[in-house]
Amino acid sequence: MRIVVCVKHVPDIQSERALGEDGRVVRDGGDGTLNELDENALEAALVLAEEHGGEVVVVTAGPDDAVDAVRKGLQMGADQAVHVVDDAIAGSDAVGTARVLAAVVRHLEADGPVDLVVTGMAGLDGLTSLLPTALAALLGRPALPLAAEVTVADGAVRVTRNLDHATEVLEAPLPALVSVTDQANEPRYPAFAGIMAARKKPVTTLTLDDLGLAPELVGAAGARTRVLEAAPRPAREDRVLLHDTGDAGVRLAAYLVEQQLA
């Protein structure tokens, strides 16, 4: 079984965020990290590979420092990594990024079939959750998004999805694409042995030329969305601070009633 896990290098969510003049998130602060939700996707893939045999390939697209994301994947247990680096990718929206990742999957299939593509439920920098479905559409594979549980048997993948008022069980034949939520598992922490072994695992660097992908299909040129304006969120000026002198609960209740919030 061959599984491709798509991961993203994102700014540390605890760091100060900034937007450039073009409305894009500034990504050169040196504090990037593997998208936390992608760790759940990688854990799901590793468990399936351990149960059924096979290999896990971790894939990312981004500038030079994005390689840190796939190296973390190798430390967790992935067998090999692919890093797509090309200036033309900068400014890609979800569809443009999906085009790059779809091209990587096809490139890998020249060496053998890819049975399953796994992604996280969202990137913590954008939180659109659009990429998994867009990638599945470009690959012509069934999409089973927002999985809280993933199993594979008899040439099919089955997922359980926990919705607000129901639990769904979906099944599709392989090859397929699954996105995984943070409810699916508890990602393993890289052990020292895994960190040392990761140094010997290959990281393949590819460009758009290697993938046969035209530059005008990605980046700002191929984006279907455009940021018209971006500004920092203004500080709130309507806060009410209550100092507890023994009657804070009563005063808070009165405030809620006054504001018609209770």
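Here is what the cut-offs are and how they apply
- Residues numbered from 1 in each chain as written.
- Predicted model: local features only at pLDDT ≥ 70, side-chain atom pairs only at ≥ 80, totals over all residues.
- Heavy atoms only, no water.
- Helix = DSSP H or I, 4+ residues; strand = E, 2+ residues; numbered from the N terminus.
- Contact = heavy atoms within 4.5 Å.
- Buried < 20%, exposed > 50% of the residue type's maximum accessible area, 1.4 Å probe, protein only.
- Pairing = 2+ DSSP bridges.
- Right-handed = clockwise from strand over helix to strand, strands pointing away.
- Axes fitted to C-alpha atoms, helices over the stretch in contact; angles between N-to-C directions.
- Left-handed = near helix turned anticlockwise from the far one by under 90°.
- Nonpolar A, V, L, I, M, F, W, Y, C, P; charged D, E, K, R; others polar.
- Salt bridge = Lys/Arg side-chain N within 4 Å of Asp/Glu carboxyl O.

*Asks:* For the environment of Leu37, give the residues involved together with the corresponding values.
*Replies:* Along the chain, Leu37 falls in helix H1 (residues 36-52). Separated by 219 residues in sequence, Leu37 and Leu256 have C-alpha atoms that sit 36 Å apart. For Leu37, the contacting residues outside a window of four places in its chain are Gly120, Met121, Ala122, Leu124 and Asp182.

*Asks:* I'd like a rundown of the pairing of strand S5 (residues 80-84), residues and numbers included.
*Replies:* With five of five residues buried, S5 is to be regarded as a mostly interior element. Residues Gln80, Val82 and Val84 of S5 are buried on one face, and the alternating residues Ala81 and His83, pointing to the opposite face, are buried as well. As paired elements, strand S4 (residues 55-61) and S5 share five bridges and run parallel to each other. Bridging across to S5, Val57 finds its partner in Gln80. On the question of chirality, the crossover connecting S4 to the parallel S5 by way of helix H2 (residues 67-76) is right-handed. As paired elements, S5 and strand S12 (residues 203-206) share four bridges and run parallel to each other. Directly across from Ala81, in S12, lies its bridge partner Val203.

*Asks:* If you had to explain the packing of H1 against H2 to someone new, which residues and values would you point to?
*Replies:* At a minimum axis distance of 11 Å, the contact between H1 and H2 shows a crossing angle of 35°. Between H1 and H2 lies a crossing whose hand is right-handed. Between H1 and H2, the residues in contact are Glu39, Leu42 and Leu46 and Lys72, Gly73 and Met76, respectively. Partitioned by chemical class, the residues of the contact of H1 with H2 number three nonpolar, one polar and two charged.

*Asks:* Explain the pattern of salt bridges to me, using residue names and the numbers behind them.
*Replies:* Evaluation of the coordinates by the stated rule reveals eight salt bridges. In this structure, the salt-bridge partner of Arg2 is Glu55, at a minimum N-O distance of 2.8 Å. Placement of the pair is Arg2 in strand S1 (residues 2-6) and Glu55 in strand S4, with a sequence separation of 53 residues. Residue Arg2 is classed as buried on the basis of its relative accessible area, which comes to 9%. With relative accessibility at 24%, the residue Glu55 sits in the partly exposed group. One salt bridge connects Glu43 with Arg188, and the closest N-O pair in it is separated by 2.7 Å. Residue Glu43 is located in helix H1, and its partner Arg188 is located in the loop between strand S11 (176-180) and helix H5 (192-198); the two are separated by 145 residues in the primary sequence.

*Asks:* So what's going on with the environment of Val240? Which residues, and what values?
*Replies:* Structurally, Val240 is set in the loop between helix H7 (219-222) and helix H8 (248-258). We classify Val240 as exposed; its relative accessible area is 51%. Taking the C-alpha atoms as reference, Val240 lies 13 Å from Glu258; in sequence the two are 18 residues apart.

*Asks:* So what about the sheet that holds strand S8 (residues 149-153)? Which residues, and what values?
*Replies:* The strand order across the open sheet formed by three strands is S8-S9-S10, and the pairing between neighbours is antiparallel. Since the sheet does not close on itself, it has two edges, and those belong to S8 and strand S10 (167-173), each with one partner. When the angles between neighbouring strand axes are averaged without regard to direction, this sheet yields 20°. Bridging between strand S9 (residues 156-162) and S10 involves seven bridges; their strand directions are antiparallel. By the bridge assignment for S10, Val159 is matched with Leu170.

*Asks:* Any details on the sheet that holds S1? Residues and values, ideally.
*Replies:* Pairing within the open sheet is parallel, and its seven strands lie in the order S7-S11-S6-S1-S4-S5-S12. Each of the sheet's edge strands pairs with one partner strand only, and the pair in question is strand S7 (143-147) and S12. Neighbour-to-neighbour, the strand axes of this sheet turn through a mean angle of 20°, independent of strand direction. Looking at chain direction, S1 and strand S6 (residues 116-120) are connected through four bridges and run parallel. Bridge pairing in S6 links Val5 to Val118. Docked against the sheet, helix H3 (residues 94-108) engages S1, S4, S5, S6 and S12, running at close to 145° with respect to S4. With respect to the sheet, helix H4 (residues 131-139) is in contact with S1, S6, S7 and S11, its orientation differing from that of S6 by roughly 160°.

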